[in-house]
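The chain contents come next:
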There are 2 protein chains.
Amino acid sequence: MRALAFDKALTFDPRRPEPIAGAGECLVRVHLAGICSTDIQITRGYMGYRGVLGHEFVGTVESGPEEWIHRRVACEINCVCGKCALCQAGLANHCRARTVLGIAGRDGAFADLVAVPVRNLHAVPDAISDEEAVFIEPAAAAWQVVKQVRIEPRTQMVVIGTGRLGLLVAQVIATHDCQLEVIGRNPKTLALCERRHLRATHVNDVARRNDRDVVVECTGSPDGLALALQLVRPRGTIVLKSTYAGTANVDLAPAVINEVTILGSRCGPFADAIASLARRELDVRSMISKVYPLERGVEAMAAAETPENVKVLLKINPR
Amino acid sequence: MRALAFDKALTFDPRRPEPIAGAGECLVRVHLAGICSTDIQITRGYMGYRGVLGHEFVGTVESGPEEWIHRRVACEINCVCGKCALCQAGLANHCRARTVLGIAGRDGAFADLVAVPVRNLHAVPDAISDEEAVFIEPAAAAWQVVKQVRIEPRTQMVVIGTGRLGLLVAQVIATHDCQLEVIGRNPKTLALCERRHLRATHVNDVARRNDRDVVVECTGSPDGLALALQLVRPRGTIVLKSTYAGTANVDLAPAVINEVTILGSRCGPFADAIASLARRELDVRSMISKVYPLERGVEAMAAAETPENVKVLLKINPR
């Protein structure tokens, strides 16, 4: 089969062996996949991963339990044991024995076929097109923010970063009653926010006054936390969504002095993401900048790194 | 009066003008004061502070409201407006207009006399000697940890750092029903822990398995957070107590991946600290390594920087 894989270098492989579904797994033929900043970070050494990239996708179940065959699905990316203390404690996404599609120990979805546990499947309703369905996984990650933080009408929420993830986080927060401001440096994506009636401010114009209740850090950059610490109020909350290869050089004294709560935030609830996309609460189509065929995956990854492009998709198989 | 002040350099000043008590303030004649890591960090540039150092002390009220005259007192260090939104919200320690004794905008207690707001005074009961009373302020900071974190019998708590603050935090946590381990690198202070029947482990012997519920970072070093991130379990909590001049170079990806909660923690409740010292729950006397007269304050500060010494005190006036 065809696949886009990383092993020291990023390569399109036209003849990679097809995956074999293990016990409790099925094979999904991938229609469309999205390039995430994590994919880019992996090519810079993040997670030390080698294998087929890709964890945001929509496809059709090709083999597996009869009730799933031919169904259009999105898939959770954490493949878990279901037995360890963390799984038993309801924290399956933190399973110690987990593999993660295209990120850790398991081939991902930038390929004709991907093997996934049946328990990870979510049916995609007809109301959601393929182009929208590739956003289910990152929209779920955005939903995780509102699951971790208490949001009330008077809560002053700030999202910093108007990249792929920041735009989703901002839109999900906007479906909750609160005061929301989005801060970014890219005029193009700031304009996207304004078109969605989100208050958007260029980072150079932001008063750093330690007066915001909650700051969600989605910059994907080591500088994001320092800015967040200048925005958040004493006893306020910073939600960290960015992961990147390497270290952040940050003065943490403001976190101690202002007794800030910093919450790491990763994967989130697929059910909420699917429901909000089906309700058309999130505008994801306007985030799609380019669509490449899988064969041009190396080029697509480079395109996803440039600020002109927001979301870059890989068209892999027809629906 | 005599004072130990920092202004580019640390100097003993035998003829510094006496402070003048402002409205709502009183003058306290200082008996004994403790040197804190924050004092040392200030001499390295932390907070950009210039003035008389010192914020851990016990003394006698010399002038002020009649009901306080001649009373032996410990003092809260945050001098607040009482009117701003944060004060009104019950977060007076975070008052935006605050000065902080010996740390920000207000002379401290390494001097014969210190001016403090009357509202900051706490009477020291007879059960607490001067040598113990100088620990009220840092013990309150230690108490803040148990106010911020939910501690239950099964909670696995780790304190990293067996310096001045770590030893207090460990002892305060030990008065709560939980599983406690103290991690340090100084054989002398690890032995102090064992004498208090606290489970103590050298940092080189620690399994970094991401399995502890709560890790309290008291190392005073930029490396502390990285170790804490290797110890804390997924969805666990790190309490940050360390402040220091400069930045930490840290890989924050584990905080995001494991969805860790990081809590900044600063000053704490004096009432709990006084009560626990009066109940003799904290052994602070064994932490006292050296006592210097104020005139030898520069030497005392140098002594407080060496690992052989835990707490170094300044004897300023007789009780």
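Model, not experiment: these values are computed from the prediction.

1. Description of the overall build of chain A
Logical step 1: For chain A, the count of helices and strands is ten helices and 20 strands.
Logical step 2: Taking 2.2 N^0.38 as the reference for a compact globule, 319 residues should give roughly 20 Å; the C-alpha atoms of chain A span a radius of gyration of 19 Å, in line with that estimate.
Logical step 3: Here the C-alpha coordinates of chain A stretch approximately 55 × 45 × 40 Å along the principal axes.
Logical step 4: Counting the 319 residues in chain A, one finds 59% classified as buried.
Logical step 5: Put simply, of all contacts in chain A between residues at least 6 apart along the chain, 68% involve residues at least 24 apart.
Logical step 6: Considering chain A, the positive charge centre built from 38 side chains and the negative charge centre built from 35 side chains are found 2 Å apart.

2. A closer look at the side chain of Gln171 of chain A
Residues and elements named next belong to chain A.
Logical step 1: Along the chain, the position of Gln171 falls in helix α5 (residues 164–174).
Logical step 2: Within polar-contact distance, the side chain of Gln171 engages the side chain of Arg196 at 3.3 Å.
Logical step 3: Polar contacts involving the side chain of Gln171 include one to the main-chain amide nitrogen of Asp283, which spans 2.7 Å.
Logical step 4: Setting aside residues no more than four positions away along its own chain, Gln171 makes contact with Arg196, Leu198, Glu281, Leu282, Asp283 and Met287.

3. Some details on the interface of chain A and chain B
Logical step 1: Taken together, the 42 residues of chain A in the interface contact 42 residues of chain B.
Logical step 2: Across the chain A/chain B interface, buried area totals approximately 3,200 Å², and carbon plus sulfur atoms make up 56% of it.
Logical step 3: At the junction of chain A with chain B, the criterion picks out zero salt bridges.
Logical step 4: When residues of the side of chain A that touches chain B are traced back to their parent elements, those giving at least two are α4 (136–148), β16 (232–240), β17 (248–250), α8 (253–257) and β18 (261–264) of chain A.
Logical step 5: The residue inventory of the side of chain A that touches chain B, partitioned by class, reads 19 nonpolar, 13 polar and ten charged.
Logical step 6: Here β18 of chain A runs beside strand β18 (residues 261–264) of chain B; their pairing, made up of three bridges, is antiparallel. Bridge pairing in β18 of chain B links Leu263 of chain A to Thr261 of chain B.

4. Here we look at the sheet that holds strand β1 (residues 3–7) of chain B
Residue and element names in this part refer to chain B.
Logical step 1: A sheet is described by the order of its strands in space; here three strands give the open sequence β2-β1-β4, paired in antiparallel fashion. Each end of this open sheet is capped by a strand with a single partner; those strands are β2 (9–13) and β4 (51–52).
Logical step 2: Of the strand pairs in this sheet, β1 and β4 are connected by two bridges, and their pairing is antiparallel. Looking across to β4, one finds that Ala5 is bridged to Val52.
Logical step 3: Here helix α10 (residues 297–304) sits on the sheet and contacts β1 and β2; the angle it forms with β2, its principal contact strand, is near 140°.

5. Re the packing of helix α4 (residues 136–148) of chain B against helix α5 (residues 164–174) of chain B
All names here are of chain B.
Logical step 1: Relative orientation of the contacting elements α4 and α5 amounts to 50°, with a least axis distance of 8 Å. Looking at the two axes, α4 sits oblique to α5. Crossing handedness for the pair α4 and α5: right-handed. Contact residues: Pro138, Ala139, Ala141, Ala142, Trp143, Val145 and Val146 in α4; Leu165, Leu168, Val169, Val172 and Ile173 in α5.
Logical step 2: Each residue belonging to the contact of α4 with α5 can be placed in one class, and the counts come to twelve nonpolar, no polar and no charged.

6. Digging into α4 of chain B
All names here are of chain B.
Logical step 1: With 13 residues, α4 should cover 18 Å at 1.5 Å per step; its first-to-last C-alpha distance of 19 Å lies within 8% of that length.
Logical step 2: Among the 13 residues in α4, eleven count as buried, and that is most of the element.
Logical step 3: Taken residue by residue, α4 has Ile136, Glu137, Pro138, Ala139, Ala140, Ala141, Ala142, Trp143, Gln144, Val145 and Val146 as its buried positions.

7. Considerations on the relation of the copies chain A and chain B
Logical step 1: Superposing chain A onto chain B takes a rotation of 180° combined with a translation of 0.0 Å along the rotation axis, leaving an RMSD of 0.0 Å. The operation mapping one copy onto its partner corresponds to a two-fold rotation axis. Taking the C-alpha atom as reference, chain A places Asn249 of chain A closest to the rotation axis, 2.1 Å from it.

8. Structural notes on the confidence of the model for chain A
Logical step 1: The predicted model of chain A averages 96 in pLDDT, with 100% of residues at 70 or higher.
Logical step 2: Across the assembled chains, the prediction reports ipTM 0.95 with pTM 0.95.

9. Focus on the pattern of salt bridges
Logical step 1: A full pass over the atoms with the stated rule returns 42 salt bridges over all chains.
Logical step 2: Between Asp7 of chain A and Arg50 of chain A there is a salt bridge; the shortest N-O distance is 3.4 Å. Taken together, the positions of Asp7 of chain A in strand β1 (residues 3–7) and Arg50 of chain A in the loop between α1 (37–42) and β4 (51–52) put the pair 43 residues apart, joining distant regions of the chain.
Logical step 3: Residue classification places Asp7 of chain A among the partly exposed residues on the basis of a relative accessible area of 49%.
Logical step 4: In this structure, the salt-bridge partner of Arg296 of chain B is Glu299 of chain B, at a minimum N-O distance of 2.6 Å.
Logical step 5: On the basis of relative accessibility, which here comes to 39%, the residue Arg296 of chain B falls in the partly exposed class.
Logical step 6: Through salt bridges with shared partners, one network takes in Glu181, Arg199, Arg209, Asp211 and Arg212 of chain A.

10. Description of the sheet that holds strand β9 (residues 105–106) of chain B
Residue and element names in this part refer to chain B.
Logical step 1: A sheet is described by the order of its strands in space; here three strands give the open sequence β7-β8-β9, paired in mixed fashion. Only two strands of the sheet have a single neighbouring strand rather than two, namely β7 (78–79) and β9.
Logical step 2: As judged from the two bridges shared by strand β8 (residues 99–101) and β9, these two strands associate in the parallel manner. Paired with Val100 across the bridge in β9 is Gly105.

Cut-off values and rules
Residues numbered from 1 in each chain as written. Chains lettered and ligands numbered in written order. Predicted model: local features only at pLDDT ≥ 70, side-chain atom pairs only at ≥ 80, totals over all residues. Heavy atoms only, no water. Helix = DSSP H or I, 4+ residues; strand = E, 2+ residues; numbered from the N terminus. Rg over C-alpha atoms; globule rule 2.2 N^0.38 Å. Buried < 20%, exposed > 50% of the residue type's maximum accessible area, 1.4 Å probe, protein only. Contact = heavy atoms within 4.5 Å. Lys, Arg positive; Asp, Glu negative; His and termini not counted. Charge placed at Lys NZ, Arg CZ, Asp CG, Glu CD. Polar contact = N/O pair within 3.5 Å; in protein donor to acceptor, adjacent residues only side chain to side chain. Buried area = accessible area lost by both parts, 1.4 Å probe. Salt bridge = Lys/Arg side-chain N within 4 Å of Asp/Glu carboxyl O. Nonpolar A, V, L, I, M, F, W, Y, C, P; charged D, E, K, R; others polar. Pairing = 2+ DSSP bridges. Axes fitted to C-alpha atoms, helices over the stretch in contact; angles between N-to-C directions. Parallel < 35°, antiparallel > 145°, perpendicular 65-115°, else oblique. Left-handed = near helix turned anticlockwise from the far one by under 90°. Expected span 1.5 Å × (residues − 1). Least-squares fit on C-alpha atoms with pLDDT ≥ 70 in both. pLDDT = per-residue confidence, 0-100.

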